[in-house]
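As a plain string of letters, each chain reads:
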Amino acid sequence: ESEMSELKAAYDEQLATFANENESLNQKLVNVTTTIDQIKSRHKKEISSLKLERHEIEKELIENSVSVSNTEFERSQQENEALSRHLVQYNEAMDKLRSRHEQEMKAHEASQTFLVQELKKLQSKYESTVGSFYRQKEILMKKLIEKERAISEIEVAQERKLKSNQEEKQRLEGQLQ
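Worth saying up front: this structure is predicted, and the values here are computed from it rather than measured. (Residues numbered from 1 in each chain as written. Predicted model: local features only at pLDDT ≥ 70, side-chain atom pairs only at ≥ 80, totals over all residues. Heavy atoms only, no water.)

## Digging into the overall build of the chain
Quick reminder of the rule: Runs of E in the DSSP output that reach at least two residues are strands. Runs of H or I that reach at least four are helices, and both are numbered from the N terminus. Note that the radius of gyration is over C-alpha atoms, with the globule rule given as 2.2 Å times the number of residues to the power 0.38. Working definition: with a 1.4 Å probe on protein chains only, accessible area under 20% of the residue-type maximum means buried, over 50% means exposed, and in between means partly exposed. The contact criterion used is simple: two residues touch if any of their non-hydrogen atoms lie within 4.5 Å. Only the protein chains shown count as cover for residues, with accessible areas throughout obtained via the Shrake-Rupley method and a probe of 1.4 Å. Neither His nor the chain termini are counted; the positive set is Lys and Arg, and the negative set is Asp and Glu. Taken as the charge centre is NZ of Lys, CZ of Arg, CG of Asp or CD of Glu, depending on the residue.
If you tally the helices and strands in the chain, you get two helices and zero strands. Taken against the 2.2 N^0.38 rule, which gives 16 Å for 177 residues, the C-alpha radius of gyration of the chain at 42 Å runs more than 25% over that of a compact globule. Projected onto its principal axes, the C-alpha coordinates of the chain cover approximately 155 × 15 × 15 Å. Buried positions account for 18% of the 177 residues belonging to the chain. When contacts within the chain are restricted to residue pairs at least 6 apart in sequence, long-range pairs at least 24 apart make up 85% of them. Accessible surface for the chain amounts to roughly 13,800 Å². Of this, 52% is attributable to carbon and sulfur atoms. Side-chain charges of the chain comprise 29 positive and 34 negative groups, with the mean position of each set lying 5 Å from the other.

Structural data, given as structure tokens:
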């Protein structure tokens with residue numbers, strides 16, 4: 001019984017450890033997933049902002065190209081060149097933004113993949129440990145059943161011996177009288 005209670009205590013302790021590790025990894029996974037969602041949301045906002053800025057630039061380019069007088073044409077052409085440079089800067093900023101977003105997403109997805117793998121390892125370790133505990137429990141139960149059977153056999157033998165001794169005593173007492 002002491003072996004059984006030791007096994008149960010070890011099992012309970014291991015189970016608590018697994019539960020804590022599982023909870024910790026699940027929380028990390030939730031945090032990474034939340035971070036990924038926040039990054040995606042931020043990326044959408046940044047891209048929307050840049051697209052709106054591009055739309056405004058293109059709108060000004062179109063408006064400026066409609067000008068007719070020479071001075072206005074020259075001013076319009078200068079503005080168009082400035083807007084074109086601004087559009088190039090916009091495109092460069094958009095490329096950098098996309099690149100940064102891709103790197104952030106890859107990093108967080110790698111972290112998410114790692115946490116999922118850690119959860120799988122923990123699950124496998126848990127299943128292995130639980131299986132081991134159940135095998136040990138079965139062995140102890142078999143030993144317990146064998147001990148109970150042996151005790152039962154000893155008790156039956158003692159009862160027979162006691163009965164035999166009482167019969168012998170009665171027979172001897174009968175002879176003495």
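Here the narrative resumes.
## A short note on the nonpolar core
The following threshold applies: As used in this record, nonpolar core signifies buried Ala, Val, Leu, Ile, Met, Phe, Trp, Tyr and Cys residues forming a set joined through side-chain atoms within 4.5 Å.
In this structure, Phe18, Leu25, Leu29, Val32, Ile36, Ile39, Met105, Leu115, Leu119 and Leu122 together form the largest nonpolar core, which totals 10 residues. Broken down by secondary-structure element, the contributors of at least two residues to this core are α1 (2–65) and α2 (70–176). Looking at which element gives the most residues to this core, the answer is α1, with six residues.

## Remarks on the pattern of salt bridges
Under the convention used in this document: Salt bridge, as used here: a side-chain nitrogen of Lys or Arg that lies within 4 Å of a carboxyl oxygen of Asp or Glu.
Summed over the entire model, instances satisfying the criterion amount to nine salt bridges. One salt bridge in this structure joins arginine 100 and glutamate 46, with 3.3 Å as the shortest N-O distance. Here the residue arginine 100 occupies a position in helix α2, and glutamate 46 occupies one in helix α1, the gap between them amounting to 54 residues. On the basis of relative accessibility, which here comes to 24%, the residue glutamate 46 falls in the partly exposed class. In this structure, aspartate 95 engages arginine 98 in a salt bridge whose closest nitrogen and oxygen atoms are separated by 3.8 Å. On the criterion of helical spacing, the pair formed by aspartate 95 and arginine 98 is a turn pair, its members being three residues apart in helix α2.

## Quick look at the environment of glutamate 102
Mapped onto the secondary structure, glutamate 102 falls in helix α2. A residue is classified by how much of its surface remains accessible, and glutamate 102, at 48% relative accessible area, is partly exposed. Along the primary structure glutamate 102 and lysine 147 are separated by 45 residues, whereas in three dimensions their C-alpha atoms are 67 Å apart.

## Examining the packing of aromatic side chains
Applicable threshold: A pair of Phe, Tyr and Trp rings is counted when the ring centres sit within 6.5 Å of each other, with Trp represented by its six-membered ring. The angle between the planes then sorts it: under 30 degrees is stacked, over 60 is edge-to-face, the rest tilted.
Counting across every chain of the model gives three aromatic pairs. Ring geometry for tyrosine 11 against phenylalanine 133: centres 5.0 Å apart, planes inclined by 85 degrees, an arrangement best described as edge-to-face. Taken together, the residues tyrosine 11 in helix α1 and phenylalanine 133 in helix α2 connect sequence positions 122 residues apart. With respect to class, tyrosine 11 is no different from phenylalanine 133; both count as buried. Aromatic pair phenylalanine 18 and tyrosine 126: ring centres 5.4 Å apart, planes at 90 degrees, arrangement edge-to-face. Of this pair, phenylalanine 18 sits in helix α1 while tyrosine 126 sits in helix α2, and the two are 108 residues apart along the sequence. Here a set of aromatic residues connected by ring pairs shows up, and it is made of Tyr11, Phe133 and Tyr134.

## Remarks on the side chain of threonine 129
With respect to the helices and strands, the residue threonine 129 is situated in helix α2. Dropping the residues within four chain positions of it, threonine 129 is found in contact with Gln14 and Phe18.

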